[in-house]
Amino acid sequence: VKITESLDLHRGIFLLLALWATLARAGLLRGSFVPPAKLRELRLISRQRQKLVGQLASEKNRLHKGLTDSGVRLGVVVNDLHGQSARIMVKTIIAGKSPQEVIKLASRRLKASREEIFDALQGDLTASHRFVLDELMRHIEEIEARIARFDTRLLAELESERDALALLQTIPGVDLIGAAMLLVEIGTDMESFGSADRLASWVGICPGNNESAGKRKSGHLRKGNLYVRRLLCEFAHAASRTTSVFKS
């Protein structure tokens, strides 16, 4: 039985290789995109940076949850809880200062009134709350420092591609670091993909076409390059908040 199974396996592999050879002769197979060695190395930096950004977002959410758990609703009256003014206020809260002292640090540009901010600062922070929030704030600033170091290294390595980076930044929603991360993922030679449609398919943002008997069914997305897909989603979100044609 084992000999028969082995023969069937070998026969199946042989038929598969024969099929691939036939398709290759007909020009129906294309090699996968392989970026240059330098870009493959820089992907290590870019992709680790994306993971750090994900960790940073998680820690910021935990900090917000910790404040809410203690009754401090600063996130309700402040758009960005980690803006310059709001962060100083949060640190002052963690240090155990009174709401009267904290509100003095509020920026004049905040839309909320002083009464609304004062009301949002009313809470009951225990020693455990302050300990956890302090550790979270330290970790957040540590991750931010790491991301800054990754940014510096990545941009330094791409100094020779400044023209390509400048061109990418002309697209609404694309900033310098986003352009750098996109460049190391797809390279600068678009002939490797052939067309924008093929690039979109390679990334995995083209919905499947599943139609039967005139009825369109759900078309699942392929996996594709998750790092490029994440970048494109961020660009689209940023572009929707501009005055460009991409504004929603």
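Look up: the structure comes first, before these words.
Before going into details, it helps to say that this report is about the structure given with it. (Residues numbered from 1 in each chain as written. Predicted model: local features only at pLDDT ≥ 70, side-chain atom pairs only at ≥ 80, totals over all residues. Heavy atoms only, no water.)

### Observations concerning the overall build of the protein chain
Phase 1: Looking only at helices and strands, the protein chain has 11 helices and two strands in total.
Phase 2: Reading the protein chain from its N end, one meets helices and strands in the order α-α-α-α-α-α-α-α-α-α-β-β-α.
Phase 3: Within the protein chain, counting contacts between residues at least 6 apart in sequence, those at least 24 apart form 59% of the total.
Phase 4: Summed over its atoms, the accessible surface of the protein chain is roughly 16600 Å², and 56% of this surface lies on carbon and sulfur atoms. (Helix = DSSP H or I, 4+ residues; strand = E, 2+ residues; numbered from the N terminus. Contact = heavy atoms within 4.5 Å. Areas by Shrake-Rupley, 256 points an atom, 1.4 Å probe, with all protein chains shown as cover.)

### Structural notes on the packing of aromatic side chains
Phase 1: All chains considered together, the criterion is met by one aromatic pair.
Phase 2: Judged by centre distance (5.1 Å) and plane angle (55°), the rings of F193 and W202 are tilted. (Phe/Tyr/Trp six-rings, centres within 6.5 Å; stacked < 30°, edge-to-face > 60°.)

### Describing the pattern of salt bridges
Pairing is possible between side chains of opposite charge, provided their charged atoms come close.
Phase 1: Counted according to the given criterion, the structure contains 12 salt bridges.
Phase 2: A salt bridge links R47 to E185, with the shortest nitrogen-to-oxygen separation between them at 2.9 Å. One end of the pair, R47, is in helix α2 (residues 37-69); the other, E185, is in helix α9 (residues 176-186), with 138 residues separating them in the sequence.
Phase 3: Note that R162 is salt-bridged to E159, the shortest N-O span being 1.8 Å.
Phase 4: One salt-bridge network, held together by shared partners, links R43, R47 and E185. (Salt bridge = Lys/Arg side-chain N within 4 Å of Asp/Glu carboxyl O.)

### Some thoughts on α2
Phase 1: Here α2 spans 49 Å end to end across 33 residues, near enough to the 48 Å set by a 1.5 Å rise per residue.
Phase 2: The sharpest bend along α2 comes to roughly 25°, located at R43.
Phase 3: The first or second residue beyond α2 is G71, which carries a positive phi of 95°. (Expected span 1.5 Å × (residues − 1). Bend = angle between axes of the 7 residues up to and from the residue.)

### Considerations on the environment of I186
Phase 1: Position of I186 among the secondary structure elements: in helix α9.
Phase 2: Looking at I186, the relative accessible area reads 9%, which means it is buried.
Phase 3: Sequence separation of I186 and L39 is 147 residues, and the distance between their C-alpha atoms is 8.9 Å.
Phase 4: Once you skip the residues sitting within four places of it in the chain, I186 turns out to touch F33, F193, L199, W202 and V228. (Buried < 20%, exposed > 50% of the residue type's maximum accessible area, 1.4 Å probe, protein only.)

### Observations regarding helix α11 (residues 226-239)
An α-helical turn contains 3.6 residues, so a residue and the one three or four places further along point in the same direction.
Phase 1: Between its first and last C-alpha, α11 extends 20 Å over 14 residues, near the 20 Å set by a 1.5 Å rise per residue.
Phase 2: Buried within α11 are the following residues: V228, R229, L231, F235 and A239. In a view along the axis of α11, the buried residues occupy a sector of 160°, so they form one face of it.
Phase 3: At its buried positions, α11 is contacted by α2, α9 and α10 (196-203). (Arc of directions from axis to C-beta.)

### Quick look at the side chain of S46
Phase 1: Structurally, S46 can be placed in helix α2.
Phase 2: Judged by its relative accessible area of 0%, S46 is buried.
Phase 3: The residues contacting S46, other than those within four sequence positions of it, are M181, V184 and E185.

### Considerations on the packing of α2 against α11
Axes are the key here: two packed helices are described by the angle between their axes and the distance separating the axes.
Phase 1: Between α2 and α11, the least distance of the axes is 11 Å, while the angle of their chain directions is 55°. Comparing their axes, α11 and α2 come out oblique. The interaxial crossing formed by α2 with α11 has left-handed handedness. Of the residues in α11, those in contact with R47, Q50 and K51 of α2 are Y227, R230 and L231.
Phase 2: In the contact of α2 with α11, the residues fall into two nonpolar, one polar and three charged. (Axes fitted to C-alpha atoms, helices over the stretch in contact; angles between N-to-C directions. Parallel < 35°, antiparallel > 145°, perpendicular 65-115°, else oblique. Left-handed = near helix turned anticlockwise from the far one by under 90°. Nonpolar A, V, L, I, M, F, W, Y, C, P; charged D, E, K, R; others polar.)

### As for the nonpolar core
Phase 1: Counting residues in hydrophobic clusters, the biggest one holds 28 residues, and the most contacted among them are L63, L74, V77, V90, I93, I117 and L121.
Phase 2: Of all the elements in the fold, those that place two or more residues in this core are α2, α3 (74-77), α4 (84-94), α5 (99-103), α6 (114-120) and α7 (127-157).
Phase 3: With near-sequence residues (within four places) excluded, V90 lies in contact with L63, L67, L74, L81 and M137.
Phase 4: Counting residues in hydrophobic clusters, the runner-up holds 23 residues, among them L42, I177, L182 and L199. (Core = buried A, V, L, I, M, F, W, Y, C linked by side-chain atoms within 4.5 Å.)

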